[in-house]
Amino acid sequence: MSSMEERLAKLEYHMELLLKQIKMDRFPFDALVVQHNIGREEVRELMSICERLSIEMEKQKAEGFVTFAPLLTEFQQKLHHDLPLEKTIHAMKAQGMYESLMDAFLKLLIKKK
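Below: a short report on this structure. (Residues numbered from 1 in each chain as written. Predicted model: local features only at pLDDT ≥ 70, side-chain atom pairs only at ≥ 80, totals over all residues. Heavy atoms only, no water.)

1. Quick word on the environment of Glu86
Here Glu86 shows up in helix 5 (residues 85-94). In the structure, Glu86 is positioned 19 residues away from Phe105 in sequence and 8.9 Å away in space, judged by C-alpha atoms. Dropping the residues within four chain positions of it, Glu86 is found in contact with Leu109 and Lys113. (Helix = DSSP H or I, 4+ residues; strand = E, 2+ residues; numbered from the N terminus. Contact = heavy atoms within 4.5 Å.)

2. Overview of the pattern of salt bridges
Across all of its chains, the model carries 5 salt bridges by this definition. Salt-bridge contacts for Glu58 lead to Lys61; the nearest nitrogen and oxygen are separated by 3.7 Å. Taken together, the residues Glu58 and Lys61, both in helix 3 (residues 40-62) and 3 residues apart, mark about one turn of the helix. Residue classification places Lys61 among the partly exposed positions, given a relative accessible area of 38%. Between Asp103 and Lys93 there is a salt bridge, and its shortest N-O distance comes to 3.0 Å. Of this pair, Asp103 sits in helix 6 (residues 99-112) while Lys93 is found in helix 5, placing the two residues 10 residues apart along the sequence. Using a relative accessible area of 29% as the deciding quantity, one classes Asp103 as partly exposed. Judged by relative accessible area, Lys93 falls into the partly exposed class, the value being 28%. A single salt-bridge network, built from bridges that share partners, covers Arg52, Glu74 and Lys78. (Salt bridge = Lys/Arg side-chain N within 4 Å of Asp/Glu carboxyl O. Buried < 20%, exposed > 50% of the residue type's maximum accessible area, 1.4 Å probe, protein only.)

Have a look at this one:
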């Protein structure tokens, strides 16, 4: 194994150890990102999607919409393929991220079950 591969393997091991110490109840989304090896740019894209969908949801609420299934579908389609949908929504809500949007998504997921 080359020196670079050894250093990378050690960093990955250290990340695993640090992940165990993250307070999962306080930072569940951050932990999910680390667990699934999601990069900074992918997280930025997800935040941008959530911002746009939040604005769209507020517009739709003002127009009298009560269900937001198309927004959930779009979120699911654009979500990084390594992030599980329901777990991501729960983690983002628990971490206080886009709470209104995540609440609406959770209601839709409960109805599907």
